[in-house]
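Summary of structural features
Below, each chain spelled out in residue letters.
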Amino acid sequence: GKYKEAEKEFEKCILIREKIQGNEHTELGTSLFNLANLKSELGNYEEAEKLLNRSLSIQRKANGKYGSDVASVLQSLASLYASTGRFLKAEEGFKECKIIYEKTYGKMHPQYAVMLSNEALYYYKKGEYQKAEELLGQALKIQYNSFGEDSPENIRPLSNLANLKIAKDNYK
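So, here's what we can say about the structure. Bear in mind the structure is a predicted one, so any value in this text is a computation, not a measurement. (Residues numbered from 1 in each chain as written. Predicted model: local features only at pLDDT ≥ 70, side-chain atom pairs only at ≥ 80, totals over all residues. Heavy atoms only, no water.)

Turning next to helix H4 (residues 68-83). In this model, H4 (16 residues) spans 23 Å end to end at C-alpha, consistent with the 22 Å of a helix rising 1.5 Å per residue. By the burial criterion, the buried members of H4 are Val70, Ala71, Val73, Leu74, Gln75, Ser76, Leu77, Ala78, Leu80, Tyr81 and Ala82. Among the structural elements, helix H2 (26-41), helix H3 (45-63), helix H5 (87-104) and helix H6 (110-126) are those in contact with the buried residues of H4. Directly after H4, the chain includes Gly85, whose backbone phi takes a positive value near 75°. (Helix = DSSP H or I, 4+ residues; strand = E, 2+ residues; numbered from the N terminus. Expected span 1.5 Å × (residues − 1). Buried < 20%, exposed > 50% of the residue type's maximum accessible area, 1.4 Å probe, protein only. Contact = heavy atoms within 4.5 Å.)

What follows is the structure, encoded as structure tokens:
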């Protein structure tokens, strides 16, 4: 269906960027990132990981060690590692990502909250429900502070927190 069409379009973007902008351009890194996230969504983790690592290399060269694009790629890589049970690599990725977001945005920025929510999902997958709940609580505090309590921006972290509480209750 539409995923295969999207995949072909992303691949076309990559070919055009390589041809016109070269193999080191930050926009190529972004196109690789987009294709990697689609492949990850489709369960093609091996290919997604290769694309994310290539994107990460490009973004580090283009934006430095602490660029926000670097953090975005690290966050996707860490989530991929968590999804495939490589928890140590996931934890390292989230740590590095957290440092970048703290330096770039500060601890009360909505983007930092998104990263905390993704990190919480990692701990959820590991069965560390208390740590996951703490991180989601921090993320919601940032979201409330940034958008107000009734914002649609809060729906995903609230839903994640509710699901976590259900899981936690089932494993008491």
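Let us look at the side chain of Ser55. For Ser55, the location among the structural elements is in helix H3. With near-sequence residues (within four places) excluded, Ser55 lies in contact with Gly29, Leu32, Phe33 and Val73.

In this structure, Leu52 and Leu116 are the most contacted members of the largest nonpolar core, which totals 42 residues. Of all the secondary structure elements, the ones that give two or more residues to this core are H2, H3, H4, H5, H6, helix H7 (129-147) and helix H8 (155-170). If we ignore the near neighbours within four places in the chain, the residues touching Leu116 are Lys98, Leu135, Gln138, Ala139 and Ile142. (Core = buried A, V, L, I, M, F, W, Y, C linked by side-chain atoms within 4.5 Å.)

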